[in-house]
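# Chain and residue survey
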Amino acid sequence: AAFGGRGRGTIEVERRRESGDEGGGWDGMSSVTAMRTSVLAARTVLSCSQAVSLAGTEVTLLQQNTTSPPTKSLLGYCSELVAKGGQGLVPGHRLRYATASGRGQQSTNEVLMVAPTAFEYNSSAAVDNHFMTAVGEDEKSLVREAVVREHEGLRNMLKDQLGLKVHLFDHSEAHGTPDAVFPNNWFSTHGGGEVDKSTLVTYPMKSESRRRERREDILSYLRGLGGYEKELVMEESEGKGIFLEGTGALVLDRANKVAYAVISERCDRDLAEAWVKEVGYDRLVAFHSYDGEGQPVYHTNVVMAIGTSVAVVCTDSVTDAGERAFLLDNLRAHRAVVEISHDQMSRFCGNVLEVMNAKGLPCFVMSTQAYDAFTDDQKAVLRANLEGGVHHVPLDTIEKIGGGGVRCTIAEIF
């Protein structure tokens, strides 16, 4: 209906070049004028059915603007055209777009999770994870019941409210994997739109019990799902005492091929640099982070999160002024930034994740503890940059005993 009554149509789209834009920014020009400049580099023709694959892509509307263009998702824009019966769509009309984070898709609507059916406090992981709290043996069964209930609530939100596809595994005490509820630490997947060859990566883990989480049944399942062209096996470095714990250690700007890493016992800088080279990313932004007590932070994904149009980061934890400035410069190059405090970090405001809902719109998912810790102004910034909204469920026991929040429980499938 949006395309002249035909069931299928095209929108001709011109992409704004990401660099070398001398004289070609948005400074004071109308969009129509800007369209005539050399900043428009590539041209693509998109069918209606393809629009969903670019959900989260920003569209510049053809109207006067000054310092920055009004934007909305391409899918949202097409949906509006449909709602208006095609009114306002001019034949030959060209929409300029640039992904908010540069090149491609930042988030997904397909994930893998491991139900905490054999969850318990892991003392070996608690050595450098200061977010964890020990429990007595007499509390073990009650804790497990609570975390299973919390995890089920999270899964239900992802599946029923947001429409994600969730691949679910469980584990038993025979596996010897008390932290299996956090699968994102031992593998990651990378689609062809993100890297040259779709890739499955397995990672070196510091705790011996966590190494057992690399289960062959899950790996075989992943291979069947993704048909990955390349596998990068990194766990051999465990014998040398060198670790890189997946997307706990690496927070990824998938669209721009930038990896962010807090250097710690669980994130070796040289190994992170090797990952960047092997996977095909452009650069590593490495820094050091400390909690409110001055202890090193164990994982990057409790410090920060990256979405399509917005990032969250605890700048208070980055004490080196040069590292902090470099970190913010990189984040602000592509998205709005919400800065959180040490206290907010301790309440898992940094441990949030962007996913795509059933409509292809970006959403943040987080724990209720994290949601309650964000200020109203911060929530307003998040909502302004997340068309699918901000969603939360209680995860108090997993956060308190396991030392990880919502992001840690979700392994993305690309």
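Nothing here was measured: the structure is a model prediction, and the numbers come from that model. (Residues numbered from 1 in each chain as written. Predicted model: local features only at pLDDT ≥ 70, side-chain atom pairs only at ≥ 80, totals over all residues. Heavy atoms only, no water.)

## Observations concerning the overall build of the protein
- For the protein, the helix and strand inventory stands at 12 helices and 20 strands.
- For the protein, buried positions account for 58% of its 414 residues.
- Once local pairs closer than 6 in sequence are excluded, the contacts in the protein between residues at least 24 apart make up 75%.
- As displayed, the protein has an accessible area near 17000 Å², and 47% of this comes from carbon and sulfur atoms. (Helix = DSSP H or I, 4+ residues; strand = E, 2+ residues; numbered from the N terminus. Buried < 20%, exposed > 50% of the residue type's maximum accessible area, 1.4 Å probe, protein only. Contact = heavy atoms within 4.5 Å. Areas by Shrake-Rupley, 256 points an atom, 1.4 Å probe, with all protein chains shown as cover.)

## Remarks on the sheet that holds strand 19 (residues 390-393)
- Spatially, 3 strands are ordered 17-18-19 in an open sheet, and the strand pairing comes out mixed. In the strand order of this sheet, the two ends are held by strand 17 (353-356) and strand 19, each with one partner. Within this sheet the neighbouring strands show an average axis-to-axis angle of 35°, counted without direction.
- Pairing between strand 18 (residues 362-367) and strand 19: 4 bridges, direction parallel. Directly across from V365, in strand 19, lies its bridge partner H391.
- Each of strand 18 and strand 19 touches helix 3 (residues 140-161); the most contacted strand, strand 19, lies at about 150° to it. (Pairing = 2+ DSSP bridges. Axes fitted to C-alpha atoms, helices over the stretch in contact; angles between N-to-C directions.)

## Re the sheet that holds strand 11 (residues 250-253)
- Within the open sheet, the 3 strands sit side by side as 11-12-13. Their pairing is mixed. Each having just a single partner strand, strand 11 and strand 13 (283-287) make up the two edges of the open sheet. For this sheet, the mean angle separating the axes of adjacent strands, direction not counted, is 20°.
- As judged from the 4 bridges shared by strand 11 and strand 12 (residues 258-262), these two strands associate in the antiparallel manner. By the bridge assignment for strand 12, D253 is matched with V258.
- Across the face of the sheet, helix 8 (residues 321-332) comes into contact with strand 12 and strand 13 while running at roughly 140° to strand 13.

## Some thoughts on the confidence of the model for the protein
- The pLDDT averaged across the protein works out to 79; a share of 70% of its residues lies at or above 70.
- Low pLDDT, under 50, characterises residues 1-75; the predicted model gives this stretch 153 contacts beyond four residues in sequence or across chains.
- Confidence over residues 89-102 falls short of pLDDT 50; this stretch has 56 contacts with residues more than four positions distant or in other chains. (pLDDT = per-residue confidence, 0-100.)

## Considering the environment of R155
- Locating R155 in the fold gives a position in helix 3.
- Residue R155 is classed as buried on the basis of its relative accessible area of 14%.
- C-alpha separation for the pair R155 and T409, spaced 254 residues apart in sequence, amounts to 9.9 Å.

## Quick notes on helix 11 (residues 376-384)
- Among all positions of helix 11, only Q378, K379 and L382 are buried. All buried residues of helix 11 lie within an arc of 100° about the axis, which places them on one face of the element. Those residues of helix 11 that are exposed and aimed more than 90 degrees away from the buried face are D376, D377 and A384.
- Looking at the buried residues of helix 11, the elements they touch are strand 15 (310-313), strand 16 (336-339), helix 9 (342-346), strand 18, helix 10 (368-373) and strand 19. (Arc of directions from axis to C-beta.)

## Quick word on the nonpolar core
- Y260, V303, M304, L327, L331, M366 and L382 are the most contacted members of the largest nonpolar core, which has 37 residues in total.
- For this core, the elements supplying multiple residues, two or more each, are strand 12, strand 13, strand 14 (304-306), strand 15, helix 8, strand 16, strand 18 and helix 10.
- For M304, the contacting residues outside a window of four places in its chain are V251, Y260, F287, V312, V313, L327, L331 and G350.
- Counting residues in each nonpolar core, the second largest holds 24 residues, with V147, L164, V355 and V365 among its members. (Core = buried A, V, L, I, M, F, W, Y, C linked by side-chain atoms within 4.5 Å.)

## Focus: unusual backbone geometry
- Positive phi, close to 60°, is recorded for K257, a residue that is not glycine.
- On the secondary structure map, K257 appears in the loop between strand 11 and strand 12.
- A positive phi is found at F348, a non-glycine position, where the angle reads about 70°.
- Along the chain, F348 falls in the loop between helix 9 and strand 17.

## Details of the environment of V303
- Along the chain, V303 turns up in the loop between strand 13 and strand 14.
- With relative accessibility at 0%, the residue V303 sits in the buried group.
- As for V303 and S346, which are separated by 43 residues in sequence, their C-alpha atoms are 9.1 Å apart.
- Not counting chain neighbours up to four residues away, the residues in contact with V303 comprise V262, F287, S289, V297, V312, V313, C314, S317, I340, M345 and G350.

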